[in-house]
Structure formats: structure tokens, C-alpha cells
Amino acid sequence: VLFHHHVLTEQVLRSLVIVKPAHGIDFTAQSRTDGVFDLIDLFPTLCEAHGLDTPRAISGVSRWQQLRQGVQIPKHISLSTDMISAAVSVTDGECKCLRALIDHRTSPLYGWKQGQTHTTRLG
């Protein structure tokens, strides 16, 4: 569907993260880690993987230890917004709530009225 990537649907928000560490980084286990990995956590994760301190001004949490050990990322609230700030979504990994901030139509299949909400049980 044209412009589906503008809408905060599961196929847009839920994507696979593949980590292939650079040569010399201690990452021996080939493992799978479940949980919500927020994009804001990518920079702190890469800093820790390379043995660097994350600058204090940077938000996010390193997920390096969960990736190395193959353990689930702890449950937490994750907030997303679309490219034009027409909608926001909040998820805890089990349930997602989407709210339209403005009237927004990207195609005949995807149209929202300001204030409209939609809650989805995930999993």
C-alpha cells in the first residue's frame, strides 16, 4: 500500500535489528534477544560495544549486555511518532495505543481523524 510507512502500524514499528559487531568487539554468542529495542537506544548501545562512554546529553539506554547475553530487554514504555507528527503511539510490548494528533489520510485504507485512538493487543 502506497505510503503505509507513514502510519504507526506494527509492520512499520516492529522491525528486526541485526547486530554484526566490528572486528575486535567481544561478541561471541550468536543469540536472539526479545523485547522492545528503541532507536534512541542504538547510539548508547554502540558506544558501550566499542568501550566508549555515552555523552550525558544523549538519551537512551545501552542494550549491549542484553544483546551479548541473548536475554530479553526489560519491559518499558516506548513512544513513537510518525514522520509528520500526525500520530503518536505508546507500547509496553504487550499492548499498543495509537492516537491521531491531526486529521490525516495517506491512502483510502489509512485515514485518521484528530483525537481518534486505536488500541491493539500485541503478541
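Each value, and the rule that gives it
- Residues numbered from 1 in each chain as written.
- Predicted model: local features only at pLDDT ≥ 70, side-chain atom pairs only at ≥ 80, totals over all residues.
- Heavy atoms only, no water.
- Buried < 20%, exposed > 50% of the residue type's maximum accessible area, 1.4 Å probe, protein only.
- Helix = DSSP H or I, 4+ residues; strand = E, 2+ residues; numbered from the N terminus.
- Contact = heavy atoms within 4.5 Å.
- Salt bridge = Lys/Arg side-chain N within 4 Å of Asp/Glu carboxyl O.

A. Helix 2 (residues 42-49), seen in detail. The set of residues buried in helix 2 consists of P44, T45, C47 and A49. Where helix 2 terminates, the next one or two residues include G51, which has phi positive at roughly 75°.

B. Looking closely at unusual backbone geometry. The phi dihedral of S85 falls on the positive side, at around 55°, and the residue is not glycine. In this structure, S85 sits in the loop between strand 1 (78-81) and strand 2 (87-91). The exposure class of S85 is partly exposed, given its relative accessible area of 43%.

C. Representation of the side chain of Q66. Locating Q66 in the fold gives a position in helix 3 (residues 64-69). Owing to a relative accessible area of 15%, Q66 belongs among the buried residues under this scheme. Residues in contact with Q66, not counting those within four places in the same chain, are T33, V71, Q72, I73 and P74.

D. Expanded view of the pattern of salt bridges. Counted under the stated rule, the structure contains 2 salt bridges. Here R63 ties to D41 by a salt bridge, and the two come within 3.2 Å at their closest N and O atoms. Taken together, the residues span a long stretch of sequence, with R63 in the loop between helix 2 and helix 3 and D41 in the loop between helix 1 (10-13) and helix 2 at a distance of 22 residues. Each member of the pair R63 and D41 is classed as buried. Notably, a salt bridge pairs E94 with K75, separated by 2.0 Å at the nearest N-O pair. In this pair, E94 is assigned in the loop between strand 2 and strand 3 (95-100) and K75 in the loop between helix 3 and strand 1, connecting sequence segments 19 residues apart.

Any functional reading would require information that these geometric values do not contain.
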